[in-house]
Structures are given as structure tokens and as C-alpha cells.
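Working through the structure, step by step
Listed here are the chains, written in short residue letters.
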Amino acid sequence: PLEISEGTFFLGNLIQSNSKRHLESLGIKSLVDFCVYPVDTEEEEEKGDKEKNGIIDLDEEKPPLFLEFKSKDFTYLNFPIDPRIDIFIDFNSICQQIIDLPTPTLLYCRHGVSISPVFMIGTLCKLKRTNLMDCSSIVFGRKGSVEPLKWLYTQLMVYDMKPAK
């Protein structure tokens, strides 16, 4: 993960969020997860039936996307945002919840380049009471490769962000 605001906010991706040892070494206390996790499907049910019958194909095993230690050992929030679905986002509410978490806090999405950076920008705008361009420059400059979702970043640009409480 990359430190965006000294000792306060980090940006990362799903893989980085899965290393408890690394999170602890950074002193991370809170996780803000923007990933969408699959719900049980017919495929999962079929896999369960195979396991009940003693048939387990080890080649089919995939590591879980969500690891339980996240919600047990850290303050954990999940705002599942599907990048394919354009929805209205209440940036004031979500960014205030992020600000209220114990720090340091890691914000992450699946690849760490499209969703979590937008919320990092919004959180910085709210916290620092400054404009979108200054906060975008901070995040884009530190992160390097950022490909914010157009519909999400556009909403942030036109959103009337209230200062942090």
C-alpha cells in the first residue's frame, strides 16, 4: 500500500489487503473495502455437493477473496461498488465514515486504481477543506497509475462536499 496522507491514509488493492502481517507492520487499524464479493451461486452449491460426496478437485480450489481476519482484527467497512453499474454515491456520508475510523486506514478496491482513489480524493477534500484539483493532484502524484471510474469521478466533481465534522 502507498501512504497518501502521512500516518493517516493508505491506498492499496485486494491482494495487499490480504496480508495481515504487512497491514500490522504498517500499523493499519482500519480497512475500507470497495470490493464486491460473490454470493453463493449454483456453482458454489455444486462445489458444496461435491465436497459432501468426498469429491474435491484441488485444481478448482481458489483462495477466498475475503479473509475473515479483516473484520475480526481491524475496524472494517465494506462499500461494495460494482464498476459496471452507475449508482448514486453519497460521498459526504461515506467520506465522513472513513474520517471517523481509527487511523491509519487502508482504502482499497480490487486493483487499487479505479474506485478507492476516488474515495481517497473525496476524503481528503472533506478533511482538508480544499478543492478537488488539489486533492486529485496529491492522490494521482503519489499513486502514479490511477484510472478512476468516469461515472464515479464525475459524481465527485459535481458533489457538494461538506467539511468534516
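In the block above lies the structure referred to throughout.
Position numbers for residues count from 1 along each chain, tracking the sequence in the order it is written. At least 70 in pLDDT is required for a residue's local features to be given in this predicted model, at least 80 for side-chain atom pairs to be given and counted, and no such filter applies to totals for whole chains, interfaces and linings, which use all residues. Excluded from the side-chain calculations are hydrogens and water; all other atoms, namely the structure's heavy atoms, are used.

**Comments concerning the packing of aromatic side chains**
When we look at a pair of aromatic rings, we describe it by the centre distance and by the angle of the planes. Each aromatic pair joins two rings of Phe, Tyr and Trp (for Trp, the six-membered one) with centres within 6.5 Å, and gets the label stacked for planes under 30 degrees apart, edge-to-face for over 60, and tilted for any other angle. All told, the structure shown has 7 aromatic pairs when counted by the stated rule. Aromatic pair Phe91 and Phe119: ring centres 5.1 Å apart, planes at 35°, arrangement tilted. Residue Phe91 is located in helix α5 (residues 91–99), and its partner Phe119 is located in helix α6 (residues 116–128); the two are separated by 28 residues in the primary sequence. Taken individually, Phe91 and Phe119 each receive the classification buried, so the pair is uniform in this respect. Helix and strand definitions here come from DSSP, where helices need a minimum of 4 consecutive H or I residues and strands a minimum of 2 consecutive E residues; each element is numbered from the N-terminal end. With a 1.4 Å probe rolled over the protein chains alone, any residue whose accessible area is under 20% of its type maximum counts as buried; one over 50% counts as exposed, and the rest are partly exposed.

**Thoughts on the nonpolar core**
Of all hydrophobic cores here, the largest spans 33 residues; its most connected members are Phe34, Phe91, Leu107, Phe119 and Leu152. Per-element accounting of this core gives the leading share, 6 residues, to α6. Apart from the residues lying within four places of it in its own chain, the contact partners of Phe34 are Asn78, Phe79, Pro80, Ile81, Ile94, Ile98, Leu107, Tyr108, Cys109, Ile115, Ser116 and Phe119. Buried Ala, Val, Leu, Ile, Met, Phe, Trp, Tyr and Cys residues that are joined via side-chain atoms within 4.5 Å together make up what is termed a nonpolar core. Phe10, Leu14, Cys35 and Leu106 belong to the second largest nonpolar core, which has 11 residues in total. Whether two residues are in contact is decided by their heavy atoms: any pair within 4.5 Å suffices.

**Description of helix α7 (residues 132–143)**
Structural remark: α-helix, 3.6 residues per turn; residues separated by three or four positions point the same way. In a helix, the anticipated span is given by 1.5 Å times the number of residues less one. Here α7 contains 12 residues, and its C-alpha end-to-end distance of 16 Å stays within 8% of the 16 Å for a straight helix at 1.5 Å per residue. All of the buried residues in α7 are Leu132, Cys135, Ser136, Val139 and Lys143. Axial view of α7: buried residues confined to an arc of 100°, hence all on one face. Structural note: α7 exposes Ser137 and Gly141 on the side pointing more than 90 degrees away from its buried face. Where the residues of α7 are buried, they touch β1 (2–5), β2 (9–13), α6 and α8 (150–158). The definition of a polar contact used here is a pair of N or O atoms within 3.5 Å, where within protein one atom must be able to donate a hydrogen and the other to accept one, and adjacent residues in sequence count solely through side-chain atom pairs. Its side-chain oxygen placed 3.1 Å from the backbone nitrogen of Met133, Asn131 serves as the N-cap of α7. Two residues or fewer after α7 comes Gly144, characterised by a positive phi angle close to 85°. Summarising the geometry, the arc corresponds to the directions from the helix axis toward the C-beta atoms.

**A closer look at the packing of α7 against α8**
One way to put it is that α7 packs onto α8 with a least axis distance of 11 Å and a crossing angle of 140°. By the criterion of interaxial angle, the relationship of α7 to α8 is oblique. Across the interface between the two elements, Leu132, Met133, Ser136 and Phe140 from α7 touch Tyr153, Leu156 and Met157 from α8. Three classes are used: nonpolar for Ala, Val, Leu, Ile, Met, Phe, Trp, Tyr, Cys and Pro, charged for Asp, Glu, Lys and Arg, and polar for all others, with Gly counted as polar. Each residue belonging to the contact of α7 with α8 can be placed in one class, and the counts come to 6 nonpolar, 1 polar and no charged. Geometry is summarised by axes, namely lines fitted to C-alpha atoms with helices restricted to the contacting stretch, and by angles between N-to-C directions that run from 0 to 180 degrees. Any angle that is under 35 degrees is reported as roughly parallel, and any over 145 degrees as roughly antiparallel; angles of 65 to 115 degrees are reported as roughly perpendicular and all others as oblique.

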